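# Architecture at a glance
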Amino acid sequence: ILFLALFFTSSFSSLGATIFSLGLVFLLNKRQMQEKIFLRYFLALAGLVLVLFILQSRQEKFNSLIEFAPRSSLASRVIIWKATGQMIENNWVFGIGAANFQKTYLEYQKFYPPYLEWAVPHPQNLYLDFWLSGGILGISGFLGLVFFLFKDMWKNKNQNLLSVLALGVLMYILAHGFFDTTYFKNDLAVIFWMSFLALKKQ
């Protein structure tokens, strides 16, 4: 039911991150599966990707994305990312502070053609948001936490169902974070830390 709801949102970043995290979890747990079971999961995932591609390929949003239409969601994100890049270039050490993106984004309008989106509270990218909100220490701290978590996981070969599910959720957040801000809301932050601590506890 949740997957159908996700499908009808036509959020390609959400669908892509879901497929990526599922595929990664299967690959990382290949050694714990029988070859036949792994093959079934792999074929099911590949079939899911094919079905999604066929169903979405007829939608206007999909075609506008492929053709990079001037008013597509991707075009809007590109403008936001360009403005964000300039903000980071001018404030790369300390950032601009938390909850200041909307105001600063509008101030940078003069450097670009008219924005496609005006109400933009976040830079549509998790990593850029950490950099702008917390400066170089903010992004370094976040990436450092993720790096050392995965390093510990790589050493620990004993994975149970909880750690596998937590890994899938965390990888979804990190993958979707390239196209949206998947942390700076209370519920999203709680889910991130619950997944993080579940993996850290293993």
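All figures in this text were calculated on a predicted structure; none of them were measured in a lab.

Rules behind the numbers
- Residues numbered from 1 in each chain as written.
- Predicted model: local features only at pLDDT ≥ 70, side-chain atom pairs only at ≥ 80, totals over all residues.
- Heavy atoms only, no water.
- Helix = DSSP H or I, 4+ residues; strand = E, 2+ residues; numbered from the N terminus.
- Expected span 1.5 Å × (residues − 1).
- Buried < 20%, exposed > 50% of the residue type's maximum accessible area, 1.4 Å probe, protein only.
- Axes fitted to C-alpha atoms, helices over the stretch in contact; angles between N-to-C directions.
- Left-handed = near helix turned anticlockwise from the far one by under 90°.
- Contact = heavy atoms within 4.5 Å.
- Nonpolar A, V, L, I, M, F, W, Y, C, P; charged D, E, K, R; others polar.
- pLDDT = per-residue confidence, 0-100.
- Core = buried A, V, L, I, M, F, W, Y, C linked by side-chain atoms within 4.5 Å.

Compared with the 22 Å implied by 1.5 Å per residue over 16 residues, the 23 Å span of helix α8 (residues 161-176) between its first and last C-alpha is a close match. Within α8, the full set of buried residues consists of Ser163, Val164, Ala166, Leu167, Gly168, Leu170, Met171, Ile173, Leu174, Ala175 and His176.

Before going further, it helps to spend a moment on the packing of helix α5 (residues 73-90) against helix α7 (residues 126-155). Two elements in contact, α5 and α7, have axes whose closest approach is 10 Å; the angle formed by their N-to-C orientations is 35°. Here α5 runs over α7; the crossing is left-handed. Contact residues: Trp81, Thr84, Met87 and Ile88 in α5; Leu128, Trp131 and Leu132 in α7. The class makeup of the residues in the contact of α5 with α7 is six nonpolar, one polar and no charged.

Along the polypeptide, Gln109 turns up in the loop between α6 (101-107) and α7. Residues contacting Gln109, with those up to four places away along its chain left out, are Pro114, Tyr115 and Trp118.

To continue, consider the confidence of the model for the chain. Low pLDDT means the predicted coordinates in that region are not meant to be read closely. Of all residues in the chain, 84% attain a pLDDT of 70 or more, and the chain-wide mean is 82. Confidence, read as mean pLDDT per element, is least for helix α4 (residues 60-66) in the chain (61) and greatest for α6 (92).

Grouped together as the largest cluster of nonpolar side chains are 22 residues, with contacts concentrated most on Leu126, Phe142, Leu174, Phe192 and Leu199. Counting residues per element, the ones that place at least two in this core are α7, α8 and α9 (186-201). A per-element tally of this core places α7 first, with eight residues. Look past the residues within four positions of Leu126 in its chain and what remains in contact with it is Phe142, Ile173, Leu174, Gly177, Asp180, Thr181, Thr182 and Tyr183. In this structure, Ala75, Met87, Ile96 and Leu116 belong to the second largest nonpolar core, which totals 15 residues.

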